[in-house]
Amino acid sequence: QAQLVESGGGSAQAGGSLRLSCVAARSISSRDTIKVMGWYRQAPGKEREFVAAIYSNGITKYADSVMGRFTISRQTAENTVYLQMNSLTFEDSAVYYCKAIGAWGDYWGQGTQVTVSS
């Protein structure tokens, strides 16, 4: 059973937008307190890299490569996190993974593919 379920991936043209969503399953929210939710991505042949994160107090952090183009937001009560991606470039193509950090452990989603064409 997936602990974090991502959705919203797909294809977009360069300059376009996509919005990713990630919701934590009740198997997590019922036994742990999620403190941070965020997104990572992994392109073919590259290591997984940090994209953005949002803390329970609302503080956000972004990788330099997406600053000003991506916006992370969260519905804390529903353990849901969003990633609005604007001004997409070919270099944004990757599998995007949702991550949650709880008081008792870290959790990952299975990933959602984002493909940007020029």
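Our structure is the block above this text.
Residues numbered from 1 in each chain as written. Predicted model: local features only at pLDDT ≥ 70, side-chain atom pairs only at ≥ 80, totals over all residues. Heavy atoms only, no water.

(A) How the structure looks around the sheet that holds strand 7 (residues 70-75). Reading across from one edge, 1-3-8-7 is the order of the 4 strands in this open sheet, with antiparallel pairing throughout. The strands lining the two open edges of the sheet, one partner per strand, are strand 1 (4-7) and strand 7. The sheet shows a mean angle of 15° between the axes of neighbouring strands, direction not considered. As judged from the 4 bridges shared by strand 1 and strand 3 (residues 18-24), these two strands associate in the antiparallel manner. The residue of strand 3 that forms the bridge with Leu4 is Ala24. (Pairing = 2+ DSSP bridges. Helix = DSSP H or I, 4+ residues; strand = E, 2+ residues; numbered from the N terminus. Axes fitted to C-alpha atoms, helices over the stretch in contact; angles between N-to-C directions.)

(B) A look at the side chain of Lys99. Topologically, Lys99 is positioned in strand 9 (residues 94-102). On the accessibility criterion, Lys99 (14% relative accessible area) is buried. Lys99 has contacts with Leu4, Val36, Met37, Gly38, Tyr40, Asp106, Tyr107 and Trp108, leaving out every residue within four places of it along the chain. (Buried < 20%, exposed > 50% of the residue type's maximum accessible area, 1.4 Å probe, protein only. Contact = heavy atoms within 4.5 Å.)

(C) Inspection of the layout of surface pockets at higher detail. Its boundaries defined by the atoms lining it, the largest pocket holds a volume of some 170 Å³. Considering the residues around the largest pocket, the lining is formed by Arg41, Gln42, Ala43, Pro44, Lys46, Glu47, Glu49, Phe90, Glu91, Ser93 and Ala94. Its residues assigned to classes, the lining of the largest pocket shows 4 nonpolar, 2 polar and 5 charged. (1 Å grid on protein atoms, 1.4 Å probe; cavity = no way out; pocket = protein on both sides within 12 Å on 5 of 7 lines; lining within 4 Å. Points joined across faces, edges and corners; volume = space filled by probe spheres on them. Nonpolar A, V, L, I, M, F, W, Y, C, P; charged D, E, K, R; others polar.)

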